[in-house]
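Examination of the molecular architecture
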Amino acid sequence: MRKTIFIFIAAIVACACVSWVRWCSSNRTAQERFAHRLTLADMYEYKDEDFGYTIRYPSFFSDGKIEDSEANDEGRARFVYYEEGATMVIEGYAIRNNGMSLKEGMDSLGEALHATNRRLGNNSFTLSGPQYEEGRPISGYSYYSKFVAHRKLWFVYTMVFPDTYRPALSRMFKEIDGWQVWEKPKLRLKQGENQTPKWD
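Residues numbered from 1 in each chain as written. Predicted model: local features only at pLDDT ≥ 70, side-chain atom pairs only at ≥ 80, totals over all residues. Heavy atoms only, no water.

What the rule picks out here adds up to 17 aromatic pairs. With a centroid separation of 5.3 Å and an interplanar angle of 85°, the aromatic rings of Phe 60 and Tyr 81 are classed as edge-to-face. Of the two residues, Phe 60 is situated in the loop between strand 2 (54–58) and strand 3 (62–63) and Tyr 81 in strand 4 (residues 77–83); the sequence distance between them amounts to 21 residues. For Phe 60, a relative accessible area of 16% gives the class buried. For Tyr 81, a relative accessible area of 4% corresponds to the buried category. Put simply, the rings of Tyr 44, Tyr 46, Phe 51, Tyr 53, Tyr 57, Phe 79 and Phe 155 touch in pairs and so form one group of aromatic residues. One Lys or Arg, Arg 76, reaches over the ring of Tyr 93 and ends 4.4 Å from the middle of that ring. (Phe/Tyr/Trp six-rings, centres within 6.5 Å; stacked < 30°, edge-to-face > 60°. Helix = DSSP H or I, 4+ residues; strand = E, 2+ residues; numbered from the N terminus. Buried < 20%, exposed > 50% of the residue type's maximum accessible area, 1.4 Å probe, protein only. Lys NZ or Arg CZ within 6 Å of the ring centre and 35° of its normal.)

So, on to the pattern of salt bridges. Applying the stated criterion across every chain yields a total of seven salt bridges. The partner of Lys 103 in a salt bridge is Asp 107, and the shortest N-O contact between them spans 2.7 Å. Placement of both Lys 103 and Asp 107 in helix 3 (residues 102–112) is noted, with a separation of four residues, approximately one turn of the helix. Taking relative accessible area as the criterion, Asp 107 reaches 28% and is therefore assigned partly exposed. Among the salt bridges present, the one from Arg 118 reaches Asp 107, with a minimum N-O distance of 3.5 Å. (Salt bridge = Lys/Arg side-chain N within 4 Å of Asp/Glu carboxyl O.)

Further remarks concern the nonpolar core. Counting 32 residues, the largest nonpolar core has Phe 34, Phe 61 and Leu 169 as the members making the most contacts within it. Mapped by element, the contributors of at least two residues to this core are helix 2 (30–40), strand 2, strand 4, strand 5 (86–96), strand 8 (136–150), strand 9 (153–162) and helix 4 (170–177). No other element matches the five residues that strand 9 contributes to this core. In this structure, Phe 34 is in contact with Phe 60, Phe 61, Tyr 81, Met 88, Tyr 165, Ala 168 and Leu 169, ignoring residues within four places of it in sequence. By size, the runner-up hydrophobic cluster in this structure holds 13 residues, among which are Tyr 93, Leu 109, Phe 125 and Tyr 141. (Core = buried A, V, L, I, M, F, W, Y, C linked by side-chain atoms within 4.5 Å. Contact = heavy atoms within 4.5 Å.)

Okay, helix 3 next. Of all the positions in helix 3, only Leu 102, Gly 105, Met 106, Leu 109 and Gly 110 are classed as buried. Axial view of helix 3: buried residues confined to an arc of 120°, hence all on one face. Exposed and facing more than 90 degrees away from the buried side of helix 3 are Glu 111 and Ala 112. Considering only its buried residues, helix 3 is in contact with strand 5, strand 6 (117–120), strand 7 (124–133), strand 8 and strand 9. After helix 3 finishes, the residue His 114 shows a positive phi value of roughly 55°. (Arc of directions from axis to C-beta.)

As a further point, take the side chain of Ser 142. Its place among the elements puts Ser 142 in strand 8. For Ser 142, a relative accessible area of 7% puts it in the buried group. For Ser 142, the side chain forms a polar contact with the side chain of Asp 163, separated by 2.5 Å. Among all residues touching Ser 142, those that are not within four sequence positions of it are Gly 129, Pro 130, Gln 131, Met 159, Val 160, Phe 161, Asp 163 and Arg 166. (Polar contact = N/O pair within 3.5 Å; in protein donor to acceptor, adjacent residues only side chain to side chain.)

Have a look at this one:
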């Protein structure tokens, strides 16, 4: 008899917990739901076959369709998230650097992209600001991009997002800030050696 009562009470508590979780989920904003998903998401890795760079993106973003006008662009990847009228895009691509220094590239691209924030690094720079399309600002949207210089190219990891989602995106800002185009080579010592290490 006691066992039956215990099972009955446990079932009631379990149902109450499920109802409470559903109620909490239904009362969260789209931004809160996104923040929760991003916190728990695995990061998938995309490696470009044309240029060999790698970017990571949240597992719940889907492959985005490249428009016909961009279909011939080599080295471009796009991943998209959409919910309740809000669209977020993560892209990786490479563009030609016509002999500009890092500072010149930051200033030139910063002006072209209407950057309101610029940060210069050792072999890269970061730009951010309001998102523009065909010379016009897209109301309520911004971008955050990192440009890495390598040979005669700029490698770009960029994200376009609704301004209302900015507080939920700290994980992605850190991901972009820490991005390197290629992984650092692994340190190895040949067997029996204890002098200068060799790099793969």
